[in-house]
Amino acid sequence: VGKDTNDGWTPETARHSLVEAVRDAVAGDVIHAAEGVYDEKSAIYPGKTVCPARVVLTNRVTLVADGDVAKTVIKGQLDATEGDDEKRGPNGIRCATLCGNSRLVGFTLTDGRSGKATDNTEPNNAGGVYSDGCVVSDCVITNCCAMRFAAAQNTVLVRCRILDNRAANNGNATGGGSLYGCYLDGNNGKAGWLVNSTADIIGCTITGNNKGEFSAMASTRMIDTVCLCPTRTTSLPPEMTVISNCV
């Protein structure tokens, strides 16, 4: 269980919330989290983010779940008082914010919510993970909602399952980050599952999303991927995008 007044150096003196677990981390530290539901406290990255998150990782810090991914859960917060029909609103809390080459490994991220304003800005995007190009691996991101990029924005996703996330506008799953060995299913929104990305999409399975298209930039590569939905590239000529060994 842990206590936030503990020093956090051993399992016996673990801290309780993720906010406190990473508070004293320095560059390159690896923080381990035991099985449990992490749904207390939140933080922002001053000068970088406005939407609070259950954990904020910076400066090459890695947070690793030591248990079963299904039993090690980062749970955001729905806005039950001022939220819209999906409980997006000013009291929503996303699951995680990552900056500065930090990493998140082995968690289930669920019930993350962004704000509800219609402008395409950080507070209203990414109910699951918002980052500046950091890596999230071996995670499940599910039932997260945002105005855009419901599961993740500007995040490299590796061996992740992206399930049943919802966006009011663009990017019912992700935007601005690469996907390697991921499975996307049941994501819903106004536009496609990946939008305006300079991404790699390699070794993925993409099925059951209500908007099947993606909008690809010049350096997008889709390789060894099964996409069981209508798919199109829209933002630049197709000869500038690599698509090979795909179904």
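What comes next concerns the included structure. (Residues numbered from 1 in each chain as written. Predicted model: local features only at pLDDT ≥ 70, side-chain atom pairs only at ≥ 80, totals over all residues. Heavy atoms only, no water.)

## Remarks on the nonpolar core
Counting residues in hydrophobic clusters, the biggest one holds 37 residues, and the most contacted among them are Leu63, Leu104, Phe107, Leu109 and Leu157. Among the secondary structure elements, those contributing two or more residues to this core are strand S1 (30-33), strand S3 (53-57), strand S4 (62-65) and strand S6 (94-98). A per-element tally of this core places S6 first, with three residues. Leaving out residues up to four positions away in the same chain, leucine 63 has contacts with Leu18, Ile31, Ala33, Val55, Leu57, Arg103, Leu104, Val105 and Phe107. (Core = buried A, V, L, I, M, F, W, Y, C linked by side-chain atoms within 4.5 Å. Buried < 20%, exposed > 50% of the residue type's maximum accessible area, 1.4 Å probe, protein only. Helix = DSSP H or I, 4+ residues; strand = E, 2+ residues; numbered from the N terminus. Contact = heavy atoms within 4.5 Å.)

## A short note on the state of the cysteines
The tally for this structure, following the rule as stated, stands at zero disulfides. With no disulfide of its own, cysteine 144 has cysteine 95 as its nearest cysteine by sulfur position, at a separation of 4.1 Å. Relative accessible area serves as the criterion here: at 0%, cysteine 144 is assigned to the buried category. With no disulfide of its own, cysteine 145 lies 7.4 Å from the sulfur of cysteine 144, the closest cysteine sulfur. We classify cysteine 145 as buried; its relative accessible area is 0%. (Disulfide = S-S within 2.5 Å.)

## Notes on the pattern of salt bridges
Within the structure shown, the criterion is met by 11 salt bridges. Linking glutamate 20 and lysine 41 is a salt bridge whose minimum nitrogen-to-oxygen distance equals 3.2 Å. Pair noted here: glutamate 20 is in helix H1 (residues 18-21) and lysine 41 is in the loop between strand S2 (36-38) and S3, with a separation of 21 residues, a long-range link. Owing to a relative accessible area of 11%, glutamate 20 belongs among the buried residues under this scheme. Across the salt bridge formed by arginine 94 and glutamate 122, the nearest N and O atoms sit 2.9 Å from each other. Residue arginine 94 is located in strand S6, and its partner glutamate 122 is located in the loop between strand S8 (108-110) and strand S9 (129-131); the two are separated by 28 residues in the primary sequence. Each of the two residues, arginine 94 as well as glutamate 122, counts as buried. (Salt bridge = Lys/Arg side-chain N within 4 Å of Asp/Glu carboxyl O.)

## A closer look at the sheet that holds strand S5 (residues 72-75)
Spatial strand order, S2-S5-S8-S11-S15-S19-S23-S26: eight strands in an open sheet with parallel pairing. The sheet terminates laterally at S2 and strand S26 (226-228), the two strands that pair on one side only. On average, adjacent strands in this sheet sit at an angle of 10° to one another, irrespective of strand direction. Looking at chain direction, S5 and S8 are connected through three bridges and run parallel. Residue pairing for S8: isoleucine 74 is matched across the bridge by leucine 109. (Pairing = 2+ DSSP bridges. Axes fitted to C-alpha atoms, helices over the stretch in contact; angles between N-to-C directions.)

## Overview of unusual backbone geometry
A positive phi angle, near 55°, is found at asparagine 143, a position not held by glycine. Checked against the element boundaries, asparagine 143 lands in the loop between strand S11 (140-142) and strand S12 (145-146). Unlike most non-glycine residues, asparagine 154 shows phi in positive territory, near 55°. Position of asparagine 154 relative to the elements: it lies in the loop between strand S13 (152-153) and strand S14 (156-158). Assessed through its relative accessible area of 26%, asparagine 154 is described here as partly exposed.

## Considering the environment of threonine 155
Note that threonine 155 resides in the loop between S13 and S14. In sequence terms threonine 155 and glycine 133 are 22 residues apart; their C-alpha atoms lie 4.8 Å from each other. Each residue touching threonine 155, except ones within four places of it in the same chain, is listed here: Val129, Tyr130, Ser131, Cys134, Val136, Gly176, Gly177 and Ser178. Within polar-contact distance, the side chain of threonine 155 engages the side chain of serine 131 at 3.1 Å. Within the structure, threonine 155 has its side chain in polar contact with the backbone oxygen of glutamine 153 (distance 2.8 Å). (Polar contact = N/O pair within 3.5 Å; in protein donor to acceptor, adjacent residues only side chain to side chain.)

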